[in-house]
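Structural overview for review
So the chains spell out like this:
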Amino acid sequence: MSSITMRGITKRYADGTEAVSNVDMDIADGEFVILVGPSGCGKSTLLRMIVGLEDISEGEMKIGDEVVNDRAPKDRDLAMVFQNYALYPHLSVRENMAFPLRLAKVPDAEVTSRVEEAAKVLELTENLDRKPANLSGGQRQRVAMGRAIVRDPKAFLFDEPLSNLDANLRVQMRTEIARIQKKYGTTTVYVTHDQTEAMTLADRVAVLRKGVVQQVDSPRNLYNSPANLFVAGFIGSPSMNLVPGRLSGSRLELPFGTMDLPDEVAQRLAGGSGGAQAGERQVIVGIRPEHFEDASLVGDTSHGMTFTNRVDSIEWLGSELYAYLPYTGAEAIAQQLGQLAGDLDMEQSSGDESQLVTRLDAASRVEEGKQAELWLDARRIHLFDPETGEALARPPVV
Amino acid sequence: MTATTLGAEQVGAGGGRNLEAGGPRKPRGNRATEPGRSLGWKLGVVAIVAYAMFPVLWILSLSLKSDATIADGKLIPREITGQNYRDIFTSGEFVRPLINSIGISLITTLIAVVIAAFAAYAIARLDFPGKGLLLSGALAIAMFPPVSIIGPLFDMWRVTGLYDTWPGLILPYLTFALPLAIWTLAAFFREIPFDLEQAAQVDGATPYQAFRKVILPLALPGVFTSAIIVFIFCWNDFLFSISLTSTQNARTVPAATAFFTASSNFVNPTGQIAAAAIVVTVPIIIMVLVFQRRIVAGLTAGAVKG
């Protein structure tokens, strides 16, 4: 077990493109860190630089107290689980798991006991003498993990380990991975594009975009207090509503209404990066779907804004209700949102009309095609600078 | 005549059954179960097998005939004799060339496969300058007509002392066999997922260990395939053997049969030549039978989710 320290880690290809730019990260001993981001954001490259399968163009990579930049993968004492498992097809499950131990010249008796113990933990005991070809996807996944845990390495590295499994198995293996990581307490770096995996498994999540780390924080902090537009749009499902707003003093004008910012938000704004600016300014306002509510179901509407809008469609899910509200005026930030949608591999809503996604109490009686009175919790709104995308007043973590 | 027809039908029926057995694996296989098409298949198989096997049967028949009946033009010998086989193994004209053939072919195969395995691995895995040139150069050599280099080679071998020695044949065989082996093996190596090697490296293997413990076992079918190709090429060669040898020191069987002498000067050694031809076919048959079990597709199944 070991900590992993990255200082100014950069991966630059021969043609000058940077897959990973200037990453600083400290992963503590025993910590479970997840690298997340849309495809092509450099998360796998970063993982492969940790394990040594990619050269580091610039910067310093330390495992424990040792700089490992120039060490071959075999000398880094890390275990990796590949996306496609990469099991050795000519070896039995037992020999697959024993492979790293045999290379390390571990005595036979110890190899046997360690493999059998790992097999017990992973419920593979009955399959030890089978070949990988005769195993199911989930079992192959376990063998790949078995090969990692028998070694007691300094850290586990996972490269999208669940993306080849079907949905049910994925949830099951996710719990399994969490259990095993807890059991062994080994430092773990895990790459995924699935934010559910990131949010449920990690101690801390690093969000990457185009090779640049956007924010490294606990899942709770990422969700409640995203550092910029990209993190705000990426984390959360359905994702945060991003609407244009006009800020003058503490008055915020939204396409569907105007409100006074609560004192706490105004204070944060004054203390934050956008602070001293007086007069009018354009902002991007981020509102999570669950921070809307049916006004008739809210007792105290004082710290929010009540507004009336047409409801396009609703989805009633039993425990909650999603209402989709059309509004106009998003052209003001269309360029920023278009770029964001491109980065997130999402489709941008076309046309003049945009849609608000709201999550209401299941008891709500809003109806499709009719006007509805909704309330929005002003304490929980996020404000972003339209130029830089940085958060202006980050709400406190709840 | 009746016997021949019956035999042919049996061959046909066997062929048909094989096709049907192969049916489920090939989507189109069930066509063969339609009666008309099935019959057509059988007849086609019989025709091809008969066409290919007839010369072999004829040689076998010749080798079993006595000198007196050798020219009677009958496929079934009137009486069967092992005299020709006894003759070739006692005369000394055949045993030494047989040893030469086995030795030279095996050594060439071994060297070619080992060198080709390393070369093909590098070609499949690494990007190095001149890779394309190397591959096309190898292909060009393999396509080069051997007869055009025989003359210069003869002179060079006389000067360097390689003439009429084992290395004198092994070297030119390697020249032509290596490109074939490299191309075959490179194709097999490319099929093996790169992740397996990286997994091995992360598991603590040096590049050589990853090659020996992971890649090579998976490429075994390819190794055996290229070994067979190389072996058959050396075993069958006549041109180099007849041109670059002068005594039984290095002369291989194909060339040696041309120098067979009969018991008397007035008879052609047809029977012995036929017997020698049958004997040299046996190793090839054994080799293919032994190795075909190793040449199984799908050895990498289960390595990665595909």
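The structure presented is a predicted model; accordingly, all values stated were derived computationally and were not measured.

Below, the discussion takes up the overall build of chain A. When its secondary structure is counted, chain A shows ten helices and 22 strands. Per-residue burial over chain A gives 55% buried out of 398 residues. Of the roughly 16,800 Å² of accessible surface on chain A, 44% is carried by carbon and sulfur atoms.

Every contact between the two is made by 23 residues of chain B and, on the other side, 25 residues of chain A. Overall, the association of chain B and chain A removes approximately 2,200 Å² of surface from exposure, summing both partners, and the carbon and sulfur fraction of that is 61%. The tally of links from chain B across to chain A stands at two salt bridges. The residue D203 of chain B makes a salt bridge to R147 of chain A at a minimum N-O spacing of 3.4 Å. Across the contact surface, chain B and chain A share eight residue pairs in polar contact (both at pLDDT 80 or more).

Here we take up a nonpolar patch on the surface. Residues and elements named next belong to chain B. Residues V49, M53, F54, V56, L57, L60, L75 and I76 make up a contiguous nonpolar surface patch of roughly 670 Å² in combined accessible area. Topologically, V49 is positioned in helix α2 (residues 35-63). For V49, a relative accessible area of 34% puts it in the partly exposed group.

Attention now moves to the pattern of salt bridges. Residues and elements named next belong to chain A. Within the structure shown, the criterion is met by 31 salt bridges over all chains. Taking the shortest distance from any N to any O, the salt bridge between E31 and R204 comes out at 2.5 Å. One end of the pair, E31, is in the loop between β2 (18-27) and β3 (32-36); the other, R204, is in strand β9 (residues 204-209), and 173 residues separate them in sequence. A relative accessible area of 12% means that E31 is categorised as buried.

This next bit is on the packing of aromatic side chains. All told, the structure shown has 21 aromatic pairs over all chains when counted by the stated rule. Geometrically, the ring pair formed by F54 of chain B and W58 of chain B is tilted, given 5.9 Å between the ring centres and 35 degrees between the ring planes. Taken together, the residues F54 of chain B and W58 of chain B, both in helix α2 and four residues apart, mark about one turn of the helix. You can call F54 of chain B partly exposed: its relative accessible area is 44%. Following the ring pairs from residue to residue traces out a cluster consisting of F32, F156, F158 and Y190 of chain A. The residue whose ring lies beneath R147 of chain A is Y88 of chain A, and the NZ or CZ to ring-centre distance is 4.6 Å. Against the face of Y223 of chain A rests R288 of chain A, its NZ or CZ located 3.9 Å from the ring centre.

What follows is about the packing of helix α7 (residues 166-191) of chain B against helix α10 (residues 220-236) of chain B. Residue and element names in this part refer to chain B. Between α7 and α10, whose axes approach to 9 Å, the crossing angle comes to 160 degrees. It follows from the interaxial angle that α7 and α10 lie roughly antiparallel. Considering the relative orientation of α7 and α10, their crossing is right-handed. Two secondary-structure elements touch here, α7 through Y173, F176, A177, L180, A181, T184, L185 and F188 and α10 through P221, G222, V223, T225, S226, I229, V230, F233 and C234.

Here is what the cut-offs are and how they apply
- Residues numbered from 1 in each chain as written.
- Chains lettered and ligands numbered in written order.
- Predicted model: local features only at pLDDT ≥ 70, side-chain atom pairs only at ≥ 80, totals over all residues.
- Heavy atoms only, no water.
- Helix = DSSP H or I, 4+ residues; strand = E, 2+ residues; numbered from the N terminus.
- Buried < 20%, exposed > 50% of the residue type's maximum accessible area, 1.4 Å probe, protein only.
- Areas by Shrake-Rupley, 256 points an atom, 1.4 Å probe, with all protein chains shown as cover.
- Contact = heavy atoms within 4.5 Å.
- Buried area = accessible area lost by both parts, 1.4 Å probe.
- Salt bridge = Lys/Arg side-chain N within 4 Å of Asp/Glu carboxyl O.
- Polar contact = N/O pair within 3.5 Å; in protein donor to acceptor, adjacent residues only side chain to side chain.
- Patch = residues over 30% accessible without salt bridge, like charges linked within 9 Å, V, L, I, M, F, W, Y side chains within 5 Å.
- Phe/Tyr/Trp six-rings, centres within 6.5 Å; stacked < 30°, edge-to-face > 60°.
- Lys NZ or Arg CZ within 6 Å of the ring centre and 35° of its normal.
- Axes fitted to C-alpha atoms, helices over the stretch in contact; angles between N-to-C directions.
- Parallel < 35°, antiparallel > 145°, perpendicular 65-115°, else oblique.
- Left-handed = near helix turned anticlockwise from the far one by under 90°.

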